[in-house]
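If you want the building blocks of each chain, they are given just below.
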Amino acid sequence: QNCLGAVAAACLGVAQIFKVAVEASAERSFREGIFDLFHLNWADNERVTSFAWPANLNIGNILMVGAGSVGSSAAYCMRLARLAGRITIVDKDDVKIENFNRSPIFGRRTFGLPKCEAVQQFLRGSPLSPEPLQAWWNDFMEQRNRESFDFDVWLPLANESNVRSAMQHNLPPLMIHASTSSNWGVNHGQIGRAHV
């Protein structure tokens, strides 16, 4: 029932293949069993992880900064999961050939398009209503007063211009991190802020 399980299984499978290819020690291999994506741990039996897919998948108004490898993959998974809401896609970069092997939605058809527009085209016809903004993060901040932000979830998925730390200092309601680091490692995390 959870279509994202197949995506996670593919990711874990590729990780396992790399571990075998670099001859990693046996204790670094994945164990057999069921990995519960909602709790991020291993389950002993299928019954523990069986619950209904949520009926209401409207997650509100999303700000996604960065529509490259990580951002386009996030958009792919959001459409696959049938998430609903509005999504503002901020990225000034264009789709290049080197993006083809790192994105499930970039290819010859999107070559040369602004990344934000390529993601918009992919999301058309889904329950997510996309608005592309061809701008860098700093330009976006200059165009808008930070108190005017009405986003429910912020996705800092860019790797340039200190996007993640800049977003942390601009009153995000909930921020979900997933990006490549300066040496192209993968980072993910979550930051929530409560305001009184």
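Residues numbered from 1 in each chain as written. Predicted model: local features only at pLDDT ≥ 70, side-chain atom pairs only at ≥ 80, totals over all residues. Heavy atoms only, no water.

What to know about the pairing of strand 5 (residues 128–133)
Spelled out, the test is: Strand pairing requires that DSSP identify at least two bridges connecting the strands. In this description a helix means any DSSP run of H or I spanning at least four residues, a strand means any run of E spanning at least two, and both kinds are numbered starting from the N terminus.
Bridging between strand 4 (residues 84–90) and strand 5 involves six bridges; their strand directions are parallel. Residue Gly85 lies in a different strand from strand 5, and its bridge partner there is Leu128.

Here's the deal with the side chain of Gln120
Going by this rule: Exposure categories follow from relative accessible area, calculated using a 1.4 Å probe and restricted to protein chains: below 20% of the type maximum is buried, above 50% is exposed, and the middle band is partly exposed. Note on contacts: a residue pair is in contact if any heavy atoms of the two residues lie within 4.5 Å.
Structurally, Gln120 can be placed in helix 4 (residues 115–123). The class for Gln120 is buried, based on a relative accessible area of 17%. Excluding residues that lie within four positions of it along the chain, Gln120 makes contacts with Ile89, Pro130 and Pro132.

A closer look at the nonpolar core
As a reminder of what qualifies: What is meant by a nonpolar core is a set of buried Ala, Val, Leu, Ile, Met, Phe, Trp, Tyr and Cys residues, joined one to another through side-chain atoms within 4.5 Å.
Counting residues in each nonpolar core, the largest one holds 22 residues, and the members touching the most others are Met64, Met78, Ile87, Ile89, Val119, Leu123 and Leu155. Those elements that provide at least two residues to this core are strand 3 (58–65), helix 3 (69–80), strand 4, helix 4 and strand 6 (153–156). For this core, the element with the most residues is helix 4, which contributes five residues. Ignoring sequence-local partners within four residues, the contact set of Met64 consists of Gly71, Met78, Ile87, Thr88, Ile89, Val90, Val119, Leu155 and Leu157. Counting residues in each nonpolar core, the second largest holds 12 residues, with Met141, Phe151, Ala158 and Met167 among its members.

Some remarks on the side chain of Thr88
For Thr88, the position within the fold is in strand 4. Setting aside chain neighbours within four positions, we find Thr88 in contact with Ile62, Leu63, Met64, Glu131, Leu133 and Phe151.

So, the pairing of strand 6
Side chains Val153 and Leu155 project from strand 6 onto one buried face, and the interleaved Trp154 and Pro156 project onto a second face that is buried too. Direction of pairing for strand 3 relative to strand 6: parallel, over a ladder of four bridges. Along strand 6, the bridge assignment pairs Ile62 with Val153.

Here we look at the packing of helix 3 against helix 4
The condition that has to hold: To define axes, lines are fitted to C-alpha atoms, for helices over the stretch in contact only, and angles between the resulting N-to-C directions are given on a 0 to 180 degree scale. Between 65 and 115 degrees an angle is taken as roughly perpendicular, under 35 as roughly parallel, over 145 as roughly antiparallel, and anywhere else as oblique. Each residue gets one label: Ala, Val, Leu, Ile, Met, Phe, Trp, Tyr, Cys and Pro are nonpolar, Asp, Glu, Lys and Arg are charged, and the others, such as Gly, are polar.
Relative orientation of the contacting elements helix 3 and helix 4 amounts to 10 degrees, with a least axis distance of 10 Å. Classified by the angle between their axes, helix 3 and helix 4 sit roughly parallel to one another. Contacts between helix 3 and helix 4 involve Ser72, Ala75, Tyr76 and Arg79 on the former and, on the latter, Val119, Phe122 and Leu123. Partitioning the contact of helix 3 with helix 4 into residue classes produces five nonpolar, one polar and one charged.

Here we look at the packing of aromatic side chains
Our working rule: Here the aromatic set is Phe, Tyr and Trp, taking the six-membered ring for Trp, and pairing holds for ring centres within 6.5 Å; pairs whose planes are under 30 degrees apart are stacked, those over 60 apart are edge-to-face, and all others are tilted. Look at NZ for Lys and CZ for Arg. If either is within 6 Å of the ring centre and within 35 degrees of the ring normal, a charge sits over the ring.
Scanning the entire structure with this criterion turns up four aromatic pairs. With a centroid separation of 6.3 Å and 85 degrees between ring planes, the pair formed by Phe100 and Phe111 is classed as edge-to-face. Linking Phe100 in the loop between strand 4 and helix 4 with Phe111 in the loop between strand 4 and helix 4, this pair joins segments that are 11 residues apart in sequence. Considering the side-chain rings of Trp137 and Phe140, the 5.9 Å spacing of their centres and the 35 degrees angle between planes classify their relative orientation as tilted. Pair noted here: Trp137 and Phe140 are both in helix 5 (residues 137–143), with a separation of three residues, about one helical turn. Phe140 shares its class with Trp137; the two are buried. Grouped by ring-pair contacts, the aromatic residues Trp137, Phe140 and Trp154 constitute a single cluster. Its guanidinium or amino end placed over the ring of Phe30, Lys19 lies 4.0 Å from that ring's centre, counting from NZ or CZ. Sitting above the plane of the Phe122 ring, Arg79 keeps its charged end 5.5 Å from the centroid.

Remarks on helix 4
In terms of burial, helix 4 is a largely internal element, seven of the nine residues being buried. Along helix 4, the residues that are buried comprise Lys115, Cys116, Ala118, Val119, Gln120, Phe122 and Leu123. Buried residues along helix 4 sit against strand 3, helix 3, strand 4 and strand 5. Backbone geometry just after helix 4 places Gly125 at a positive phi near 85 degrees.

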